[in-house]
Amino acid sequence: MKRPTGLRGVVGTPVVTLAVVAGACLGPYAWYMNPDAWPLALAGPCVIGWTANANAAVARYTAWKRAWDSMGPGGAAPRVSDRPAFKVAVVVLAVVALAVFLSAHPDRPGYAPAFNWLMGGGTCALVGWLAVRRFRSTARPIWAPKRREREAEVVSLSVRAPLIRVPDLKGAYDALPEHCWRALDAH
């Protein structure tokens, strides 16, 4: 698999993706503040879509590289940033930090409406997301792996416990008949 190169490889990294998406999200706010900035509001979703595709390409390459490296001696340890709970915590902290910043300066022009949009839109998005998760028949915890990742495993465990009682090794040797012991002692 080829590594994403050029601008796509740089923009697809998690830190740059976060910065580009945050900047693109400011397009509607700029349009709200100045009606002549409407091209920024239209370009924002396009930039976010292209950035999401670049991030997905980098994530696919990183997952492939990690699987490739894990085949070697010692394997590859999972990185902290690949854990979904960590990603959720980063998003929550970013939203809380933005809300605290906006609420600390309500006297500045545009900060109070931005805070209201953040809280109102965030609440609506959270309620919608929770409703979809609640009423979907395949609901799963946020930190559980995605279905595609679980189905992509090459080997799946079919029998989780033995169907019949299996003796331990000492018990199995004790149960061997005498002719088996003679054959084992002969070699």
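Just so we're clear, the structure is a prediction, and the values are computed from it rather than from any experiment. (Residues numbered from 1 in each chain as written. Predicted model: local features only at pLDDT ≥ 70, side-chain atom pairs only at ≥ 80, totals over all residues. Heavy atoms only, no water.)

### Considering the overall build of the chain
Moving on, step 1. A tally of regular secondary structure across the chain gives eight helices and zero strands.
Moving on, step 2. Sequence separation of 24 or more characterises 45% of the internal contacts of the chain that already satisfy a separation of 6 or more. (Helix = DSSP H or I, 4+ residues; strand = E, 2+ residues; numbered from the N terminus. Contact = heavy atoms within 4.5 Å.)

### Considering the packing of aromatic side chains
Moving on, step 1. With the rule as written, the count across this model stands at three aromatic pairs.
Moving on, step 2. Note on Tyr61 and Trp64: the rings are 5.9 Å apart at their centroids and 35 degrees apart in plane angle, and the pair reads as tilted. Of this pair, Tyr61 and Trp64 both sit in helix α3 (residues 38-70), three residues apart, roughly one helical turn.
Moving on, step 3. Aromatic side chains Tyr173 and Trp181 sit 5.9 Å apart centroid to centroid with 40 degrees between the ring planes, which places their arrangement in the tilted category. (Phe/Tyr/Trp six-rings, centres within 6.5 Å; stacked < 30°, edge-to-face > 60°.)

### Some points on α3
Moving on, step 1. Over its 33 residues, α3 runs 48 Å from end to end, which matches the ideal 48 Å to within 8%, given 1.5 Å per residue.
Moving on, step 2. Looking only at α3, the buried set comprises Ala41, Gly44, Thr51, Ala54, Ala57, Val58 and Tyr61.
Moving on, step 3. Each element contacted by the buried residues of α3 is listed here: α1 (6-11) and α2 (14-33). (Expected span 1.5 Å × (residues − 1). Buried < 20%, exposed > 50% of the residue type's maximum accessible area, 1.4 Å probe, protein only.)

### Here's the deal with α2
Moving on, step 1. Under the 1.5 Å per step criterion, the end-to-end length of α2 is 29 Å for 20 residues, consistent within 8% with the ideal 28 Å.
Moving on, step 2. The largest bend in α2 is about 30 degrees, located at Gly27, with the proline Pro28 one to four residues further on.
Moving on, step 3. Here α2 has its buried residues at Thr17, Ala24 and Gly27.
Moving on, step 4. Buried residues belonging to α2 abut α1 and α3. (Bend = angle between axes of the 7 residues up to and from the residue.)

### A short note on a nonpolar patch on the surface
Moving on, step 1. There is a patch of nonpolar side chains on the surface, built from Met1, Trp64, Trp68 and Met71 and spanning about 500 Å² of accessible area.
Moving on, step 2. Look at Trp64 and you get partly exposed, because its relative accessible area is 32%. (Patch = residues over 30% accessible without salt bridge, like charges linked within 9 Å, V, L, I, M, F, W, Y side chains within 5 Å. Areas by Shrake-Rupley, 256 points an atom, 1.4 Å probe, with all protein chains shown as cover. Salt bridge = Lys/Arg side-chain N within 4 Å of Asp/Glu carboxyl O.)

### Some words on the side chain of Thr51
Moving on, step 1. With respect to the helices and strands, the residue Thr51 is situated in helix α3.
Moving on, step 2. If we ignore the near neighbours within four places in the chain, the residues touching Thr51 are Val11, Thr17, Val20 and Val21.

### Quick notes on the environment of Ala30
Moving on, step 1. The topology assignment puts Ala30 in helix α2.
Moving on, step 2. Taking the relative accessible area as the measure of exposure, Ala30 reaches 22% and is therefore partly exposed.
Moving on, step 3. Every residue in contact with Ala30, bar those within four places of it in the chain, is listed here: Ala37 and Leu40.

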